[in-house]
Amino acid sequence: MVIEQDSAAAAPIAAQLVHDLHVLIKAAAVYGPNNAGYLQHSARAGATLRKALEDEGSVQLESRDEQLFFNRLRIRFPTEGTAGARFLMDEMKRRGLGAVEFSSTCDQAQLDAFAFAFNAVQTRKGEGLDKLRGLLRAAGAAAVAVQKIAETEEAQAAPAAGDGASAAKKTFTRALCVVEDIMAQARAGQPVDFVQAKRVVHGLVDRVLEDEQALFELTALRDYDEYTYAHCVNVCVYSVAVGVRLGLERAQLAELGFGALFHDIGKVKLPLALINKPDEFDDSEWETMRRHPVLGARELLGMRRPYDRALARAVSMAFEHHLKADGSGYPRLRQARRQDVFSRICALADSFDALTSGRVYTRKPLAPDEALRRMAEDADVAYDPALLVLLIAVVGVFPIGTVLALDTGELAVVRRNNPGDLLHPVLEVFADANGERAAVEAVDLSLSGAQTGQPPREIQRAVDPHACGLDTGALLARRSP
Ligand SMILES: [Fe+2]
Ligand SMILES: [Fe+2]
């Protein structure tokens with residue numbers, strides 16, 4: 001799994017929850033649901049879970065590699081707490097259970113249902129996760145989701161933190177596939193796999209925290225067949241990165257990413273021919289397109305899943321992301337409504353990706369630095385200026401894919417930004433002073449000539465790649481030696 005954060009351990013409440021849950025499960029094996037002894041343990045576990053849900057929004061307990069993880073952070077136990085953890089890990093394994101997730105709407109009755117359903121699975125008879133799922137469904141415990149060991153192992157197969165570019169690529173590709181599935185499910189009117197979506201968002205949050213530049217490189221590639229899916233993932237990545245700079249906590253980052261991934265879900269209710277239309281929209285087509293925020297909010301609300309905080313956020317982000325900061329966007333509302341901060345972040349990420357892709361709202365893609373300039377001109381009206389500053393801190397003064405003319409006369413494309421030194425990105429020089437194609441040379445402008453042995457170079461100006469007939473996607477798709 002992509003989340004090894006050994007330096008960060010789960011909060012102490014995680015160990016308390018494991019202890020209370022193991023006692024609860026043992027009590028449910030011995031007593032009936034109305035027994036006074038059981039009710040005492042149930043109340044205690046319920047209070048701990050409620051506290052954890054208040055802090056985290058949702059709680060996932062995962063058993064993996066002989067350890068327990070609480071919302072993807074390893075739980076460190078006081079010595080006397082390890083027996084409960086051992087019990088829980090052994091019993092989960094027996095049932096083929098890799099993780100259990102309690103969403104924010106999980107109440108005492110659903111927790112009790114889980115404890116009794118867990119015990120009702122006859123592992124000696126070979127019963128396992130399917131039986132547990134059936135029992136939870138029958139008990140109406142919709143806020144308790146269980147995942148099999150194989151599912152969590154699949155997530156573990158994702159590259160470990162630290163191997164930068166390939167880890168980012170795997171996470172990004174997986175996110176594209178999940179978005180494609182979600183869109184297809186929603187279009188067909190089938191239930192959407194939110195567990196998958198949440199897992200993929202957690203993976204993207206991990207990668208943003210680990211090496212956001214590697215992800216930004218992928219968002220800038222723009223050579224995906226299905227732009228709609230890439231757009232959702234890109235908006236998710238940029239939004240989470242802005243959220244990190246805003247100081248949001250991990251649980252909030254996951255909610256922000258989840259909402260961003262679904263911000264355009266309403267488009268599944270519009271004709272595909274319209275979504276994929278290569279030419280400009282006429283007035284009536286625009287009118288149809290402008291229905292997608294309302295359709296999106298309605299779609300999410302109709303998905304028959306517990307109305308937890310993540311879903312509530314997603315609904316408001318789908319509804320508000322085109323509203324504009326001054327309320328002059330769409331949908332037109334009778335009563336003024338200020339965009340929620342998550343929607344304002346999403347609106348910025350959405351515009352930046354849409355403007356630089358040239359697929360939806362402009363037919364001609366703008367160079368990334370030009371897109372930022374246009375957005376800055378529109379700040380106050382369309383965007384939250386303070387958040388726009390954070391977006392610039394995320395994508396850089398010269399975002400990835402910007403073509404630059406250097407004082408040496410060479411041309412280069414921005415490959416990565418140095419987050420601590422945004423004026424000096426990492427470039428790939430691709431043309432010499434005569435405009436001839438040169439062997440690609442990687443240059444980190446934040447390093448001095450003495451450090452690199454390369455001649456000193458400085459940025460002179462940004463160049464419009466389209467005016468020069470350059471395809472920045474193709475430039476980025478090549479890797480320097
Ligand atoms: Fe949209
Ligand atoms: Fe969008």
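The structure under discussion appears in the preceding block.
Residues numbered from 1 in each chain as written. Chains lettered and ligands numbered in written order. Predicted model: local features only at pLDDT ≥ 70, side-chain atom pairs only at ≥ 80, totals over all residues.

Draft legend 1. Looking closely at the overall build of the chain. When you go through the chain residue by residue, the secondary structure sums to 19 helices and ten strands. Taking all 481 residues of the chain together, 45% fall into the buried category. Here the contacts in the chain between residues at least 6 apart in sequence split such that 67% fall between residues at least 24 apart. (Helix = DSSP H or I, 4+ residues; strand = E, 2+ residues; numbered from the N terminus. Buried ≥ 20, exposed ≤ 12 C-beta atoms within 10 Å, placed from the backbone. Contact = placed C-beta atoms within 7 Å.)

Draft legend 2. Inspection of the sheet that holds strand β1 (residues 59-64) at higher detail. Read from one edge to the other, the open sheet built from five strands follows the order β3-β2-β1-β4-β5, with strand pairing classed as antiparallel. Taken across any chain shown, the strands that pair with only one partner, and hence form the sheet edges, are β3 (73-74) and β5 (144-148). Two strands pair when backbone bridges link them, and strand β2 (residues 67-70) and β3 are joined in this way by two bridges, in the antiparallel orientation. Across the sheet, Phe 69 pairs through a bridge with Arg 74, a residue of β3. Strands in contact with helix α5 (residues 129-138) are β4 (97-102) and β5; relative to β5, the strand with the most contacts, it is inclined by about 170 degrees. (Pairing = 2+ DSSP bridges. Axes fitted to C-alpha atoms, helices over the stretch in contact; angles between N-to-C directions.)

Draft legend 3. Summary view of the nonpolar core. Of all hydrophobic cores here, the largest spans 86 residues; its most connected members are Cys 236 and Leu 348. Sorting elements by how many residues they give to this core places helix α8 (residues 194-219) first, with eleven residues. Lining this core are residues from two domains, each supplying at least three of them: domain 2 (163-394) and domain 3 (403-477). By size, the runner-up hydrophobic cluster in this structure holds 41 residues, among which are Phe 69, Phe 70, Leu 111 and Ala 115. (Core = buried A, V, L, I, M, F, W, Y, C linked by C-beta atoms within 7 Å. Domains from an automatic or database assignment.)

Draft legend 4. Quick look at the packing of helix α1 (residues 12-30) against helix α4 (residues 108-120). Their axes nearest at 9 Å, the elements α1 and α4 cross at an angle of 65 degrees. In the crossing of α1 with α4, the sense of the turn from one axis to the other is right-handed. Between α1 and α4, the residues in contact are Leu 24, Ile 25, Ala 28 and Ala 29 and Ala 115, Phe 116, Phe 118 and Asn 119, respectively. Among the residues making up the contact of α1 with α4, the classes are represented as seven nonpolar, one polar and no charged. (Left-handed = near helix turned anticlockwise from the far one by under 90°. Nonpolar A, V, L, I, M, F, W, Y, C, P; charged D, E, K, R; others polar.)

Draft legend 5. Up close: α4. Its 13 residues place the ends of α4 18 Å apart at the C-alpha level, agreeing with the 18 Å of an ideal helix rising 1.5 Å per residue. Where α4 is concerned, the buried positions are Gln 110, Leu 111, Asp 112, Ala 113, Phe 114, Ala 115, Ala 117 and Phe 118. In this structure, the buried side of α4 is in contact with α1, α2 (36-56), α5 and β5. (Expected span 1.5 Å × (residues − 1).)

Draft legend 6. Representation of the environment of Glu 410 in the model. Within the element layout of this structure, Glu 410 appears in the loop between β6 (403-406) and β7 (411-418). Residue Glu 410 is classed as buried on the basis of its C-beta count, with 22 C-beta atoms lying within 10 Å. In sequence terms Glu 410 and Arg 457 are 47 residues apart; their C-alpha atoms lie 9.2 Å from each other. Sequence-distant contacts of Glu 410, defined by excluding residues within four places in its chain, comprise Val 429, Ala 431, Asp 432 and Ala 433.

Draft legend 7. Inspection of α8 at higher detail. Helix length check: α8, at 26 residues, gives a terminal C-alpha distance of 23 Å against a target of 38 Å (1.5 Å per residue), a shortfall beyond 12%. Along its length, α8 reaches its greatest deviation from straightness, about 115 degrees, at Asp 211. Of all 26 residues that make up α8, 22 are buried, and the element is covered over most of its length. (Bend = angle between axes of the 7 residues up to and from the residue.)

Draft legend 8. Region of the structure containing the packing of α1 against helix α3 (residues 82-94). Direction vectors running N to C along α1 and α3 enclose 60 degrees, while the axes themselves pass 8 Å from each other. When the axis of α1 is compared with that of α3, the two are oblique. The handedness of the crossing between α1 and α3 is left-handed. Along the contact surface, α1 presents Val 18, His 19, Leu 21, His 22 and Ile 25, while α3 presents Gly 84, Ala 85, Phe 87, Leu 88 and Glu 91. (Parallel < 35°, antiparallel > 145°, perpendicular 65-115°, else oblique.)

Draft legend 9. Broad picture of the pairing of β2. Of the strand pairs in this sheet, β1 and β2 are connected by four bridges, and their pairing is antiparallel. Following the sheet pairing, Leu 61 is matched in β2 by Phe 70. Following β1, the chain reverses through two residues before pairing antiparallel with β2; Asp 65 in that reversal takes a positive phi of roughly 50 degrees.

Draft legend 10. Representation of the environment of Leu 97 within the structure. Looking at the element boundaries, Leu 97 is found in strand β4. With 51 residues separating them in the primary sequence, Leu 97 and Lys 148 have C-alpha atoms 4.6 Å apart. When near neighbours in sequence (up to four residues on either side) are disregarded, Leu 97 contacts Met 92, Leu 129, Leu 132, Val 146, Lys 148 and Ile 149.

Draft legend 11. Spotlight on the pairing of β7. Among the eight residues of β7, seven are classified as buried, and the element is accordingly described as predominantly covered. Bridge count between β6 and β7: three bridges; the pairing is antiparallel. When the bridges of β7 are listed, Val 403 appears paired with Val 413. Hairpin connection of β6 to β7: four residues between the antiparallel strands, including Gly 409 at a positive phi of 90 degrees. In sequence, β7 turns back onto strand β8 (residues 421-431) through a hairpin of two residues.

Draft legend 12. Geometry of unusual backbone geometry. That bond from Tyr 330 to Pro 331 is cis: its omega, 0 degrees, falls within 30 degrees of zero. Tracing the chain through its elements places Pro 331 in the loop between α14 (309-320) and α15 (341-357). A positive phi angle is found at Asn 71, which is not glycine, with a value near 45 degrees. Tracing the backbone shows Asn 71 in the loop between β2 and β3. A residue is classified by how many C-beta atoms lie within 10 Å of it, and Asn 71, with 23 of them, is buried. The backbone phi angle of Lys 324 is positive, close to 70 degrees, even though this residue is not glycine. Relative to the elements of secondary structure, Lys 324 occurs in the loop between α14 and α15. For Lys 324, a count of 17 C-beta atoms within 10 Å corresponds to the partly exposed category.

In short, geometric facts, not functional conclusions.
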